[in-house]
Amino acid sequence: MSAAAPTPLLVGRYAIFDRIAAGGMAAVHIARLAGEGGFARTVAVKRLHPQFALDPEFVAMFLDEARLAARIRHPNVVATVDIVTADGELFLVMEYVEGESLSTLLRIGRERSLPVSVGVAAGVLAQALQGLHAAHEARSDLGEPLDLVHRDVSPQNMLVGTDGVVRVLDFGVAKALGKLHTTREGQLKGKLGYLAPEQVMGHPVTRRSDVFAAAVVLWEALAGHRLFSAESEGNVLRRIMDGVVEPPSKHAAGIPPALEAVVMRGLAREPADRFDTALAMAEAMEAAMPLATTRAVGQWLRELAGDRLDARARLVAAIESSSALAPREAPTLLDEGERPPHTSVSVAADREKSPLPRRASWAWVAVGGIALGGGIATAAVLARPGPRSAPSASSAPAVPAPPIAEEAAPSPSLAPPLPQVSASPPPASASAPVARPAPRPARPRTPPAPGPAPTGTGLYGRE
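Rules and cut-offs
Residues numbered from 1 in each chain as written. Predicted model: local features only at pLDDT ≥ 70, side-chain atom pairs only at ≥ 80, totals over all residues. Heavy atoms only, no water. Helix = DSSP H or I, 4+ residues; strand = E, 2+ residues; numbered from the N terminus. Buried < 20%, exposed > 50% of the residue type's maximum accessible area, 1.4 Å probe, protein only. Contact = heavy atoms within 4.5 Å. Areas by Shrake-Rupley, 256 points an atom, 1.4 Å probe, with all protein chains shown as cover. Pairing = 2+ DSSP bridges. Axes fitted to C-alpha atoms, helices over the stretch in contact; angles between N-to-C directions. Polar contact = N/O pair within 3.5 Å; in protein donor to acceptor, adjacent residues only side chain to side chain. Phe/Tyr/Trp six-rings, centres within 6.5 Å; stacked < 30°, edge-to-face > 60°. Lys NZ or Arg CZ within 6 Å of the ring centre and 35° of its normal. Arc of directions from axis to C-beta. Core = buried A, V, L, I, M, F, W, Y, C linked by side-chain atoms within 4.5 Å.

Chemist: Would you mind showing me how to read the overall build of the chain here?
Modeler: In terms of regular secondary structure, the chain is built from 13 helices and 9 strands. Out of the 463 residues belonging to the chain, those deemed buried represent 41%. In the chain, the share of contacts with a sequence separation of at least 24, taken over all contacts with a separation of at least 6, comes to 63%. Entry remark: accessible area of the chain is about 25300 Å², with carbon and sulfur atoms responsible for 57%.

Chemist: What am I meant to see in the sheet that holds strand E9 (residues 166-168) here?
Modeler: Spatially, E7-E8-E9 is the arrangement adopted by the 3 strands of the open sheet, whose pairing is antiparallel. Every interior strand has two partners, whereas the edge strands, strand E7 (99-101) and E9, have only one. Each strand of the sheet is rotated relative to its neighbour by a mean of 25°, with strand direction disregarded. Summarising the sheet, E7 and strand E8 (residues 158-161) pair through 3 bridges and their orientation is antiparallel. Within the sheet, the bridge partner assigned to Ser-101 lies in E8 and is Leu-159. On the sheet, helix H3 (residues 102-111) packs against E7 and E8 and is oriented at approximately 80° with respect to E7. Contacting E7 and E8, helix H10 (residues 294-321) runs over the sheet at an angle of about 105° to E7.

Chemist: Explanation requested: the sheet that holds strand E2 (residues 14-22) in the structure shown.
Modeler: Here we have 6 strands laid out as an open sheet, ordered E1-E2-E3-E4-E6-E5, and antiparallel in their pairing. The sheet is open, and its two edges are formed by strand E1 (9-11) and strand E5 (80-86), each paired on a single side. Taking each pair of neighbouring strands and ignoring which way they run, the sheet shows an average axis angle of 35°. Alignment of E2 against strand E3 (residues 26-34), held across 6 bridges, turns out to be antiparallel. Looking at the pairing, Ala-22 lines up with Ala-27 of E3. Helix-sheet contacts for H10 involve E2, E3 and strand E4 (40-48), and the interaxial angle to E3 is about 40°.

Chemist: Honestly, the environment of His-74 in this entry has me stumped. Any pointers?
Modeler: Its place among the elements puts His-74 in the loop between helix H2 (56-69) and E5. You can call His-74 partly exposed: its relative accessible area is 27%. In this structure, His-74 is in contact with Gln-130, Gly-131 and Ala-134, ignoring residues within four places of it in sequence. Separated by 3.0 Å, the side chain of His-74 and the backbone nitrogen of Asn-76 make a polar contact.

Chemist: Would you mind going over the packing of aromatic side chains with me for this structure?
Modeler: By convention here, two paired aromatic rings are described through the distance between centres and the angle between planes. The full count for this structure, using the stated rule, is 1 aromatic pair. An angle of 15° between the planes, with centres 6.4 Å apart, marks the rings of Phe-212 and Phe-228 as stacked. Within this pair, whereas Phe-212 is found in helix H6 (residues 207-223), its partner Phe-228 is found in the loop between H6 and helix H7 (233-242), the two being separated by 16 residues in sequence. Each of the two residues, Phe-212 as well as Phe-228, counts as buried. Sitting above the plane of the Phe-275 ring, Arg-265 keeps its charged end 4.2 Å from the centroid.

Chemist: Would you take a moment to explain the pairing of E3 for this structure?
Modeler: Two faces make up the sheet, and in a regular strand the side chains alternate between them. With 8 of 9 residues buried, E3 lies mostly within the body of the structure. Between E2 and E3, which pair antiparallel in sequence order, lie 3 residues. Strand direction decides the pairing type here: E3 and E4, joined by 9 bridges, are antiparallel. Within the sheet, the bridge partner assigned to His-29 lies in E4 and is Val-45. Where E3 hands over to E4, the hairpin turn is made up of 5 residues, of which Gly-37 adopts a positive phi near 65°.

Chemist: Is there a simple way to explain H7 in this structure?
Modeler: Residues that lie three or four places apart on an α-helix share one face, since the helix turns once every 3.6 residues. What H7 keeps buried is the set Val-236, Leu-237 and Ile-240. Down the axis, H7 shows its buried residues gathered within 95° of arc, on one side only. Where H7 is buried, its residues contact helix H5 (197-200). Of the residues flanking the end of H7, it is Gly-243, one or two places downstream, whose phi is positive at about 75°.

Chemist: Looking at this structure, how should I read the side chain of Glu-198?
Modeler: In this structure, Glu-198 sits in helix H5. A residue is classified by how much of its surface remains accessible, and Glu-198, at 6% relative accessible area, is buried. At 2.7 Å, the side chain of Glu-198 and the side chain of Ser-209 are in polar contact.

Chemist: Any chance you could explain the nonpolar core here in plain terms?
Modeler: Core analysis: the largest hydrophobic core is formed by 70 residues, its most contacted members being Val-124, Leu-125, Leu-267, Met-281 and Met-285. Apart from the residues lying within four places of it in its own chain, the contact partners of Met-285 are Ala-122, Leu-125, Ala-126, Leu-129, Leu-218, Leu-259, Val-262 and Leu-291.

Structure follows, in structure tokens:
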């Protein structure tokens with residue numbers, strides 16, 4: 001497995017990369033979902049083998065998997081995300097789970113002579129049984145029972161995640177009421193070594209058939225080798241029909257008798273002698289012995305397949321950072337003149353520049369300009385010769401004047417009262433104002449100085 005992201009196969013919104021698993025009906029690839037606004041998600045895509053893509057029965061079976069799996073909502077079942085058709089092919093999109101199949105872990109353990117502990121084996125199967133029970137209890141949109149049976153329970157279809165959670169997958173050969181296709185007469189589905197006796201005989205399968213298959217997986221995990229192994233497929237089926245099964249304690253030590261009793265009951269030839277439900281078997285296992293926690297299961301996974309997980313993590317990291325994840329038709333970049341007026345950054349900048357502070361600042365400038373204009377006019381008058389007397393309090397201007405103006409103000413007895421000076425400019429009909437200093441900026445507009453006072457006043461003396 002290469003750490004460099006190869007050129008992907010683009011299917012709709014998905015970029016499909018390396019194959020990570022393969023089965024009899026489809027192959028599983030790592031893929032990347034590219035959505036709007038930069039949204040992206042790593043997923044797993046099951047791609048139907050080309051030789052089956054044109055077979056209507058296999059295509060219907062593949063569609064059944066998506067339809068039925070979408071009805072199962074449980075932590076111990078791999079979630080179905082989407083289904084895509086493109087160029088005559090079918091792609092089932094599922095959540096990507098970082099982990100390994102139970103079959104791979106058991107094989108690595110046998111190769112390294114590292115048998116799985118009893119607690120971990122029981123803990124893994126108890127979680128898988130809870131996922132199967134959720135599938136058995138699935139209902140339609142109208143609330144009607146689907147009578148869903150997996151019919152292909154095996155170590156290959158149990159995924160152990162790095163979080164220690166076990167998830168059941170691959171409902172591609174499941175059967176439910178109202179399904180779109182029927183199985184060919186006499187055609188066996190599922191892996192031979194995990195078929196229940198009634199399934200081999202062609203009798204109707206029930207949830208107890210899945211209980212039998214789960215018990216086979218548990219027996220093999222405890223004993224360390226296959227249960228119904230033989231030189232030919234016919235001999236495998238004959239052993240299943242005979243129903244002769246040795247206790248796992250004859251092949252491995254340290255198996256509690258209570259747990260072994262659970263295994264043997266699950267392997268009963270007659271369905272009526274097994275557990276009624278997968279949940280009942282899981283509860284019996286919990287009562288028989290302490291089960292491994294999810295943390296212990298995750299640690300067991302890391303000890304056996306740490307190198308494989310690290311290599312796949314590097315591949316996923318390369319895929320997620322690769323520029324090859326662009327969709328089939330990438331959006332065309334807009335020219336500067338065509339770009340939207342705001343982005344998340346420019347909107348934040350515009351909010352910082354609110355118009356309210358600008359209006360407040362102009363008001364202060366206007367008030368300051370009025371005060372400055374009155375001060376300049378007063379200073380110009382004070383520079384002229386003539387008698388000075390302080391005006392009365394009633395005739396004092398509204399705009400504050402510097403302190404020097406109070407000392408040089410003329411006496412009230414020498415001049416009639418002056419009109420009040422307000423902050424607003426005089427009407428257009430008022431007489432022309434006196435000459436001003438250099439013009440002020442256009443905004444804000446400074447009101448003109450008061451018009452000339454009557455002749456003979458101290459403020460405006462004769463020339």
